[in-house]
Amino acid sequence: TDAKDNSSVINLDYVNPLSEKSKLELGAEARITRTDNDYATNRAGIENAGFTYDFDIYSAYATFGQKFTKFSYQLGARVESYQVKANYTTTTQTGKFENDYITVYPSAYLNYSLNEKNIFNLSLSRRVDRPSIQQTKPIRTYSTPRITGIGNAELTPQFTNSAELSYTKVVNKSSITANVFYRAISDQISQVFLNDETADP
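As a starting point, this report considers the structure included with it.

The rules behind each value
- Residues numbered from 1 in each chain as written.
- Predicted model: local features only at pLDDT ≥ 70, side-chain atom pairs only at ≥ 80, totals over all residues.
- Heavy atoms only, no water.
- Patch = residues over 30% accessible without salt bridge, like charges linked within 9 Å, V, L, I, M, F, W, Y side chains within 5 Å.
- Areas by Shrake-Rupley, 256 points an atom, 1.4 Å probe, with all protein chains shown as cover.
- Salt bridge = Lys/Arg side-chain N within 4 Å of Asp/Glu carboxyl O.
- Helix = DSSP H or I, 4+ residues; strand = E, 2+ residues; numbered from the N terminus.
- Pairing = 2+ DSSP bridges.
- Axes fitted to C-alpha atoms, helices over the stretch in contact; angles between N-to-C directions.
- Core = buried A, V, L, I, M, F, W, Y, C linked by side-chain atoms within 4.5 Å.
- Buried < 20%, exposed > 50% of the residue type's maximum accessible area, 1.4 Å probe, protein only.
- Phe/Tyr/Trp six-rings, centres within 6.5 Å; stacked < 30°, edge-to-face > 60°.
- Polar contact = N/O pair within 3.5 Å; in protein donor to acceptor, adjacent residues only side chain to side chain.

Remarks on a nonpolar patch on the surface
For step 1, the next point in the chain: Taken together, Phe68, Phe71, Leu110, Tyr112, Leu114, Phe120, Leu122, Leu124, Leu165 and Val180 make up a surface patch of nonpolar side chains, about 820 Å² in accessible area.
For step 2, the next point in the chain: Elements supplying a minimum of two residues to the nonpolar patch: strand 5 (94-115) and strand 6 (118-129).
For step 3, the next point in the chain: Relative to the assigned elements, leucine 165 resides in strand 9 (residues 158-171).

What follows is the structure in structure tokens.
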């Protein structure tokens, strides 16, 4: 197996304390990744293969927060452009996958201190988990003599919308925290185990 991975990251961040109670944060980021994988084997029933997986991520974010005597909050959003191109070739077949979308990830954090010993927090957010190169690589790999793994080049990112409410009670020099949360996951990425009916027993 011959694998090459080239990644470039450019990041800019700007923080401006507007006052003692307010703060503004801005930022932008570019992530460019190119991967090239070649697999050669003489094992019967398994073909030589090549796989390229390239993706570009361009994003910008803004957050604004304020603090008061008992209450503080922070509101933000990140806009992201995601582009991926994958190509898979063997001696008998070729495959191609492309994905291109723009997504907004909002977030909100609220904090309320009833007093120094009773604190409430509420958070709302949306986040993304992208498949790794190993999860997308449609080339067989062997973890044990009886277990082989293969990725899915058409995997799409997994999105999670979450809400969480917490209460913290300070007791002497210790604290106790109770949480309740809700998470909704779409396009969940998971691992599946299957029997290979063509393999030798």
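A closer look at the sheet that holds strand 5
For step 1, the next point in the chain: Spatial strand order, 1-2-3-4-5-6-9-10: eight strands in an open sheet with antiparallel pairing. Of all the strands in the sheet, the pair left with one neighbour each is strand 1 (2-16) and strand 10 (174-186). For this sheet the average axis-to-axis angle between neighbouring strands, irrespective of direction, equals 10°.
For step 2, the next point in the chain: For strand 4 (residues 71-90) and strand 5, the ladder comprises 19 bridges, and the chain directions are antiparallel.

Quick look at the nonpolar core
Side chains of nonpolar character tend, in soluble globular proteins, to be buried together.
For step 1, the next point in the chain: Counting residues in hydrophobic clusters, the biggest one holds 18 residues, and the most contacted among them are Phe51, Tyr53, Phe55, Tyr82, Val84, Ala86 and Ile139.
For step 2, the next point in the chain: A per-element tally of this core places strand 3 (residues 49-67) first, with five residues.

Structural notes on the packing of aromatic side chains
For step 1, the next point in the chain: Under the defined criterion, the tally for this structure stands at 10 aromatic pairs.
For step 2, the next point in the chain: Relative to phenylalanine 55, the ring of tyrosine 53 has its centre 6.1 Å away and its plane inclined at 65°; by these criteria the two rings are edge-to-face.
For step 3, the next point in the chain: By relative accessible area, tyrosine 53 is classed as buried at 1%.
For step 4, the next point in the chain: Judged by centre distance (5.0 Å) and plane angle (40°), the ring pair of phenylalanine 120 and tyrosine 167 falls under tilted.

Here we look at the environment of lysine 23
For step 1, the next point in the chain: Along the polypeptide, lysine 23 turns up in strand 2 (residues 22-39).
For step 2, the next point in the chain: Within the structure, the side chain of lysine 23 is placed 3.5 Å from the side chain of glutamate 25, a separation counted as a polar contact.

Points about the environment of proline 131
For step 1, the next point in the chain: Looking at the element boundaries, proline 131 is found in the loop between strand 6 and helix 1 (133-136).
For step 2, the next point in the chain: Given a relative accessible area of 10%, proline 131 falls into the buried group.
For step 3, the next point in the chain: With 20 residues separating them in the primary sequence, proline 131 and glycine 151 have C-alpha atoms 9.8 Å apart.

Some points on the pattern of salt bridges
For step 1, the next point in the chain: Counted by the stated rule, this structure contains seven salt bridges.
For step 2, the next point in the chain: A salt bridge links glutamate 29 to arginine 31; its shortest N-O distance comes to 3.0 Å.
For step 3, the next point in the chain: Judged by its relative accessible area of 37%, arginine 31 is partly exposed.
For step 4, the next point in the chain: With a closest N to O distance of 3.7 Å, glutamate 98 and lysine 96 form a salt bridge.
For step 5, the next point in the chain: With relative accessibility at 60%, the residue lysine 96 sits in the exposed group.
For step 6, the next point in the chain: Because the salt bridges share partners, they merge into one network encompassing Arg78, Glu80 and Arg130.

Quick look at unusual backbone geometry
For step 1, the next point in the chain: Positive phi values are uncommon outside glycine, yet asparagine 172 reaches one of about 55°.
For step 2, the next point in the chain: Along the chain, asparagine 172 turns up in the loop between strand 9 and strand 10.
For step 3, the next point in the chain: Under the relative-accessibility criterion, asparagine 172 is labelled exposed at 71%.
For step 4, the next point in the chain: Phi is positive for aspartate 187, close to 55°, though the residue is something other than glycine.
For step 5, the next point in the chain: On the secondary structure map, aspartate 187 appears in the segment after strand 10.
For step 6, the next point in the chain: Residue aspartate 187 is classed as partly exposed on the basis of its relative accessible area, which comes to 45%.

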